Amino acid sequence: MSSDRIYGVLSGPSDRMKQEIGEIVVAHANCDPVLAALMMALTKTDEQTNLVLIQQLKLKGSSIADFISTMAEKTDHLNPVLRQSIQTTIKSYRKLSSYRNEVAHWQWNLSEPGTDSALLRNTLSKKPSESEKVYTLENLRDIASSLHQVHGLIGSIFGIISSELPEEAIPHIMSVVDGNLEKVRLATLNVPEPSAEEQP
């Protein structure tokens, strides 16, 4: 009797969609180090002190983003163009984090055979009937691409602050950053709006 029979379980969306969900999770996690670096630049601490702050305050990506947003608002010596760009980038990061939480924590239905779309729902929501939507492979690719873009933007802002560029150079450089932020906004235009409900 042959023992080479392969067993498996059908679960969730198509394999191509699963691959893109993994890409979203990876891209989101990769934002943590650049967020930590930007926090260090804004607080003017060294790397070791910054790490101690993050560990002792038990800060995660979302709470580091909140800290950065507050610091940018309260730091008097920060160039206004830079301040605005930080706030816009952090806003994009928060929205993309909501998407990441949905695709990682909600429950996926099977994709119809031959399709790259699937129903996603949060059965533990306060209003389960209102917490379902259809995601396509293209939606997931747009989220992953936008997270990679935000990673680069946060890193760029960190580099600008750290290099202490002349004030007159900042508006030109930030116009490039803002152009990339617009690409992030346009990429996610057709993705269903993320839920406002907190995720685990």
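Here goes a summary of the coordinates provided. (Residues numbered from 1 in each chain as written. Predicted model: local features only at pLDDT ≥ 70, side-chain atom pairs only at ≥ 80, totals over all residues. Heavy atoms only, no water.)

### A look at the overall build of the chain
Each helix and strand in the chain was counted, giving seven helices and three strands. Along the chain, from the amino end to the carboxyl end, the secondary structure elements read α-α-α-α-α-β-β-β-α-α. Considered along the principal axes of its C-alpha atoms, the chain spans approximately 75 × 40 × 35 Å. Across the 200 residues of the chain, 40% fall into the buried class. Counting only carbon and sulfur atoms, one obtains 55% of the accessible surface of the chain, whose full area is about 11,600 Å². Of the charged side chains in the chain, 19 are positive and 25 negative; the average position of the first set lies 5 Å away from that of the second. (Helix = DSSP H or I, 4+ residues; strand = E, 2+ residues; numbered from the N terminus. Buried < 20%, exposed > 50% of the residue type's maximum accessible area, 1.4 Å probe, protein only. Areas by Shrake-Rupley, 256 points an atom, 1.4 Å probe, with all protein chains shown as cover. Lys, Arg positive; Asp, Glu negative; His and termini not counted. Charge placed at Lys NZ, Arg CZ, Asp CG, Glu CD.)

### Describing the packing of helix H2 (residues 31-43) against helix H5 (residues 80-105)
At a minimum axis separation of 13 Å, H2 and H5 run at an interaxial angle of 155°. As far as their axial angle goes, H5 and H2 are roughly antiparallel. In this structure, H2 crosses over H5, and the sense of that crossing is left-handed. Judged by residue contacts, Cys31, Asp32, Leu35 and Leu42 of H2 engage Ile86, Ile90 and Tyr93 from H5. Class assignment for the residues of the contact of H2 with H5 results in six nonpolar, no polar and one charged. (Axes fitted to C-alpha atoms, helices over the stretch in contact; angles between N-to-C directions. Parallel < 35°, antiparallel > 145°, perpendicular 65-115°, else oblique. Left-handed = near helix turned anticlockwise from the far one by under 90°. Contact = heavy atoms within 4.5 Å. Nonpolar A, V, L, I, M, F, W, Y, C, P; charged D, E, K, R; others polar.)

### Quick look at helix H6 (residues 137-163)
Taking 1.5 Å per residue as the helical rise, H6 with its 27 residues ought to reach 39 Å, and the 39 Å between its terminal C-alpha atoms agrees with that figure. Of the residues flanking the end of H6, it is Glu164, one or two places downstream, whose phi is positive at about 50°. (Expected span 1.5 Å × (residues − 1).)

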